[in-house]
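Tertiary structure, described
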Amino acid sequence: MLSRTADHLYWMSRYTERAENTARMLDVNYQTSLLPQSAEVAQLGWQGVLSISELRPAYFQKHDAITPEGVMEFMVKDESNPSSIVSCLKAARENARAVRGALTTESWETQNTTWLDVLRMLRQGEFERDPGQFFEWVKFRSHLSRGVTQGTMLQDEAYHFLRLGTFLERADNTARLVDVKFHAMNSEFFGGGTEEHQEYDFYHWSAILRSVSAFEVYRKVYRNVIKPERVAELLILRADMPRSLHASLVEVVNNLSKVANDQSAETLRRAGKLLAELQYGRVDEILATGLHAYLTQFLDRINELGMRVSQDFLVPTN
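Computed from a predicted structure; not experimentally measured.

What counts, and at which threshold
- Residues numbered from 1 in each chain as written.
- Predicted model: local features only at pLDDT ≥ 70, side-chain atom pairs only at ≥ 80, totals over all residues.
- Heavy atoms only, no water.
- Helix = DSSP H or I, 4+ residues; strand = E, 2+ residues; numbered from the N terminus.
- Buried < 20%, exposed > 50% of the residue type's maximum accessible area, 1.4 Å probe, protein only.
- Salt bridge = Lys/Arg side-chain N within 4 Å of Asp/Glu carboxyl O.
- Contact = heavy atoms within 4.5 Å.
- Expected span 1.5 Å × (residues − 1).
- Phe/Tyr/Trp six-rings, centres within 6.5 Å; stacked < 30°, edge-to-face > 60°.
- Lys NZ or Arg CZ within 6 Å of the ring centre and 35° of its normal.
- pLDDT = per-residue confidence, 0-100.

1. With respect to unusual backbone geometry
Notably, Glu54 is not glycine yet its phi reads approximately 55 degrees, a positive angle. On the secondary structure map, Glu54 appears in the loop between α2 (39–52) and α3 (56–60). Not every positive phi belongs to a glycine, and Ser213 is a case in point at roughly 50 degrees. Its relative accessible area of 47% is what places Ser213 among the partly exposed residues.

What follows is the structure, given as structure tokens:
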């Protein structure tokens, strides 16, 4: 396969996944902001959205203070922000248009319709009228894109590059989410003693689980009160949790092995090593050595994997 074609497919799927992840973060923050909470706690939530995407400096170039309206506008509609939902959907559509021949008609039409519909919805003010409904629509279109790809495309190299981009992006985002949300709790991340603290903890951890569609999964797997160490275990180590780091790395390694070439052996080895650490890792060991340090290192390694994939298969950046 031509490296340019692989490049467009890989980035099409990464941008689609990124739009969904951004919608998930904003949706949970928006729903949580409707609950009774102090102004300080609400502010921390909106700061967290910018921190997860490393966008605080870019945000402050355009806004004086962090406000719910400012963050939502910046993360949804601002085309100068490359991680905003509209920017991601535009980039996904442009990459799809460049390789229409490598996609099925259904896959291309899904991407194109998503872009045309989001323009119409933003123009008609549907986002402002009901942000929650808009975020659900973004998530649904991402699910639809993946489903159509899986249901209509030949499982050849094009398909594997699409999957590779999706799961590298997902691993990156889940790690960022867990890191920032756990970090926000500081020393209180194992809960306070008062009933008020415990109630806040419940909403905090519920919000994290809902942001990755894991609230019902948690209840099914653990059947008890929501505990931070269980949340960490579910989102990092459980291979049967679709958005966990472990599940994402299984897909990365599988798809990487399917497109392997003469120069990708070292990339595959590093991905396999990272997967092995997740397969045999234990949450008590991770927490004992420090969750923030563990996730920072994981993000560095995922970032390095992405750069190595670019060097081994995709269009050179220089």
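2. Some thoughts on the pattern of salt bridges
The final tally for this structure, using the stated rule, is 26 salt bridges. A salt bridge links Glu17 to Arg243; its shortest N-O distance comes to 2.7 Å. Here the residue Glu17 occupies a position in helix α1 (residues 3–33), and Arg243 occupies one in the loop between α12 (228–236) and α13 (245–258), the gap between them amounting to 226 residues. Relative accessible area serves as the criterion here: at 1%, Glu17 is assigned to the buried category. The exposure class of Arg243 is buried, given its relative accessible area of 5%. One salt bridge connects Lys139 with Asp27, and the closest N-O pair in it is separated by 3.5 Å.

3. With respect to the side chain of Ser84
The residue Ser84 is located in the loop between α4 (68–76) and α5 (85–98) in this model. Excluding anything up to four places from it in sequence, Ser84 contacts Phe74, Met75, Val76, Asp78 and Glu79.

4. So, α2
A turn of α-helix holds 3.6 residues, and therefore any two residues three or four places apart point the same way. Spanning 14 residues, α2 covers 20 Å between terminal C-alpha atoms, matching the ideal 20 Å at 1.5 Å per step. Within α2, the full set of buried residues consists of Gly45, Trp46, Gly48, Val49, Leu50 and Ile52. Following α2 by one or two positions, Glu54 adopts a phi angle in the positive range, close to 55 degrees.

5. A closer look at the packing of aromatic side chains
In the structure shown here, the tally under the stated rule is 11 aromatic pairs. Both rings, one in Phe127 and one in Phe135, keep their centres 5.9 Å apart while their planes meet at 65 degrees; by these two values the pair is edge-to-face. Each ring, one from Tyr218 and one from Tyr222, has its centre 4.8 Å from the other, and the planes form 50 degrees; the classification is tilted. In this pair, Tyr218 and Tyr222 are both assigned in helix α11 (residues 215–222), four residues apart and thus about one turn of the helix distant. Look at Tyr222 and you get buried, because its relative accessible area is 13%. Each member of the aromatic cluster is reached from another via a ring pair, and the members are Phe127, Phe134, Phe135 and Trp137. For the cation-ring pair, Arg210 lies above Phe215, with the distance from its terminal atom to the ring centre recorded as 3.9 Å.

6. A closer look at the confidence of the model for the protein chain
Low-pLDDT portions of the prediction should not be read for the details of their coordinates. On average, residues of the protein chain score 89 in pLDDT, and 93% of them reach the 70 mark or higher. Per-residue pLDDT stays below 50 along residues 187–195; that stretch engages in 14 contacts with residues further than four places along the chain or on separate chains.

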